[in-house]
Amino acid sequence: MEVHLSSLPMMEIFSYLDAYSLLQVAQVNKNWNALASNGFLWRKLCQERWLFCDMVTLQLLGTETWKQFFVYRTWQEQAKSRAKPKDFTYKEIPLECGVRGYACYISGCALTRNGQGKSVVCMVSSKNKISTWDINESVITWVSPVQPASIKLLTTLPDMHIAVTVDIQSTIKLWDCHNREALATNNLESPCKSLKTVISKDGPIVLAGDTLGNLYIFRIPDLHLISTVSVFPCGFDEIDCSPQKKWVLLSQNHPYIYPKVFYMNSLLRTSEFSDPVSTILEFSSCKRAFWTPRREDRITLMSRRGRPIVTRFETYDMKLEEIGNKIIVKGHLVASFSLQDYNENPKWMGVNDKSMIVCSTRSSLLLFSMKGLHLQTFQYSSETIVRLLVDPVHVIVTCNDGSLDVYMWEERSLLLRRCYGLQNGRHLPSFGFIKNLLCDDVSIVQLMIDRQGPCFLMAYTLNICS
């Protein structure tokens, strides 16, 4: 005898299912199909997977239903995972940028509904110029005028097709990469050491750190100075923002200077907050930091310290708390472990949305839970790992022989799966290094710096999105 539940309890049950399970139950009958296609269920899944869905409408996303968007965007993300090596074309372009070279995407995620894609990279093409390269067409699409001082740092805001540069005279400029002249200019009081552009809930901003340990926040597009904060007694190496830009972590690889986490609203809304709201994470010699994707409040830090060197990972959950009329930030340690039984120490690391930590040594790719349970090892015998890129879908390893390995996070497990390798790259010279490793839906880009020779921007472009 069949038991028929009303729509309300069925929707409550379906709200606990993941996307794969919802698609399965939708095949049972017409009634279940209608319930399992409900926009409330799919919007919840979209918001959990892509935090920006909290702030956009279906019209802006270009789809009719949240289910359509979920299926379409997941298909986009997994284009590289479905591909084979023969689906990629290798391209490269020589640069005259020296060790100050930079490369960043100026285009968005690139892949369109019909399977076509377009990736555009903004790069420091010489010491005094930036330019954009359409990878698919293999043409330079824009070049800035020669600047009076060498360009030191570059960052981009792909969603707005904007680039920001800082030169050795501490002049910050904003470019739209169409007009020859900069759209806005401002100056830092001291030489710039770190640079970041993000879209906050209050709008797009530039964050810049100088050598004296100050953080400057400028408004885009006019580079109006919003606020300045003294953070450390000296410059900081990294500016890391959480997925929805609620938090900003500032860190330096120093044994006596601990990372600081700031509440973004307190930096932007100076009329509401008398002082910036921040906390210190007691974690010295911070080498890497990585916010957990698809979560807003969790960050994992990696350090390498001691003699012999020991690598340590600590994971914190950030929380806002109210004491009287005052808002404070606290970082709660939720997990930690050290690697003491490995001959080599990790140099690069990343985290997925299940808080699994992947890190690379020169000869291996290692996967751990955030509490230190060793889950996987991928060994590299003849090649040396020189760079690692981690995003919510992929892990990409680049080696000294120019090869790339593409891995994918398993959707329904905690593990990684190797998809394929790409072998057409340029061998890394003896005095060379990979400065940037970038990835969007249809391309993988590396900037190779040679201290004694020409530099190259190298790209693998995906031709078929089946």
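Residues numbered from 1 in each chain as written. Predicted model: local features only at pLDDT ≥ 70, side-chain atom pairs only at ≥ 80, totals over all residues. Heavy atoms only, no water.

Named according to an unreviewed UniProt entry, the protein is F-box/WD repeat-containing protein 15-like isoform X1 originating from Mus caroli. Its UniProt record gives the protein a comment under Pathway (unreviewed entry), which states: "Protein modification; protein ubiquitination." (UniProt positions renumbered as here; feature names shortened; annotations may be inferred.)

Some remarks on the pattern of salt bridges
All chains considered together, the criterion is met by 14 salt bridges. Of the charged contacts, one joins Asp353 and Arg294 as a salt bridge, the two residues approaching to 3.0 Å between their closest N and O atoms. With Asp353 in the loop between β22 (348–351) and β23 (357–360) and Arg294 in the loop between β18 (286–291) and β19 (298–305), this pair connects stretches of sequence that are 59 residues apart. Given the relative accessible area of 13%, Arg294 is considered buried. The salt bridge involving Asp317 is made with Arg298; its shortest N-O contact spans 2.7 Å. Of the two residues, Asp317 is situated in strand β20 (residues 310–323) and Arg298 in strand β19; the sequence distance between them amounts to 19 residues. (Salt bridge = Lys/Arg side-chain N within 4 Å of Asp/Glu carboxyl O. Helix = DSSP H or I, 4+ residues; strand = E, 2+ residues; numbered from the N terminus. Buried < 20%, exposed > 50% of the residue type's maximum accessible area, 1.4 Å probe, protein only.)

Some words on the pairing of strand β30 (residues 432–439)
Of all eight residues in β30, seven are buried, a share of seventy percent or more. Where β30 lies against strand β31 (residues 443–450), seven bridges are found, and the strand directions are antiparallel. Bridge assignment links Ile434 to a residue of β31, and that residue is Met448. (Pairing = 2+ DSSP bridges.)

So, the domain arrangement of the protein
As assigned here, the protein comprises domain 1 (7–77), domain 2 (83–92 + 347–465) and domain 3 (100–236). Counting residues at the interface gives eight residues for domain 1, matched by six residues for domain 2. Between domain 1 and domain 2, the buried area comes to about 550 Å², and carbon and sulfur atoms account for 37% of it. Joining domain 1 to domain 2, the criterion identifies two salt bridges. (Domains from an automatic or database assignment. Contact = heavy atoms within 4.5 Å. Buried area = accessible area lost by both parts, 1.4 Å probe.)

What about the side chain of Lys91?
Structurally, Lys91 is set in strand β1 (residues 88–95). For Lys91, which is buried and forms no salt bridge, the nearest opposite charge comes from Asp134, at a distance of 6.8 Å. Of the polar contacts made by the side chain of Lys91, one reaches the backbone oxygen of Ile135; its length is 2.9 Å. In this structure the side chain of Lys91 is engaged in a polar contact, spanning 2.6 Å, whose partner is the backbone oxygen of Asn136. In contact with Lys91, other than residues within four places in its own chain, are Trp133, Ile135, Asn136, Glu137, Ser138, Leu457, Met458, Ala459 and Thr461. (Lys, Arg positive; Asp, Glu negative; His and termini not counted. Polar contact = N/O pair within 3.5 Å; in protein donor to acceptor, adjacent residues only side chain to side chain.)

Topic: the side chain of Ser285
On the secondary structure map, Ser285 appears in the loop between β17 (278–280) and β18. Residues within four places of Ser285 in sequence aside, it is in contact with Asn253, His254, Pro255, Met302, Ser303, Arg304 and Arg305.

What about the sheet that holds β18?
Strand order in the open sheet formed by four strands is β18-β19-β20-β21, and the pairing between neighbours is antiparallel. Looking along the sheet, the strands with just one partner apiece sit at the ends: β18 and β21 (326–339). Adjacent strand axes in the sheet meet at a mean angle of 25°, parallel and antiparallel pairs treated alike. As judged from the five bridges shared by β18 and β19, these two strands associate in the antiparallel manner. The residue of β19 that forms the bridge with Trp291 is Ile299. (Axes fitted to C-alpha atoms, helices over the stretch in contact; angles between N-to-C directions.)

Here's the deal with the confidence of the model for the protein
On average, the protein scores 89 in pLDDT, and the residues at 70 or more come to 93%. Mean pLDDT per element in the protein: helix α5 (residues 58–61) is the minimum at 57, and strand β16 (residues 260–263) is the maximum at 98. pLDDT under 50 marks residues 110–115. Its contacts with residues more than four places away, or in other chains, come to 24 contacts. (pLDDT = per-residue confidence, 0-100.)

Section: the packing of aromatic side chains
Within a pair of aromatic rings, the relevant descriptors are the distance that separates the centres and the angle that separates the planes. With the rule as written, the count across this model stands at 13 aromatic pairs. Aromatic pair Trp42 and Phe70: ring centres 5.3 Å apart, planes at 65°, arrangement edge-to-face. Placement of Trp42 in helix α4 (residues 39–49) and of Phe70 in helix α6 (residues 66–77) is noted, with a sequence separation of 28 residues between them. The buried category is assigned to Phe70, whose relative accessible area is 10%. On the basis of an interplanar angle of 70° and a centroid distance of 6.0 Å, the ring pair of Phe232 and Phe236 is categorised as edge-to-face. Exposure remark for Phe236: the relative accessible area of 0% places this residue in the buried category. Linked through ring pairs, Trp247, Tyr263 and Phe273 together constitute an aromatic cluster. Above the ring of Phe456, the side-chain terminus of Arg426 is found at 3.7 Å from the ring centroid. Here the guanidinium or amino end of Lys435 rests over the ring plane of Tyr102, the centre of that ring lying 4.2 Å away. (Phe/Tyr/Trp six-rings, centres within 6.5 Å; stacked < 30°, edge-to-face > 60°. Lys NZ or Arg CZ within 6 Å of the ring centre and 35° of its normal.)

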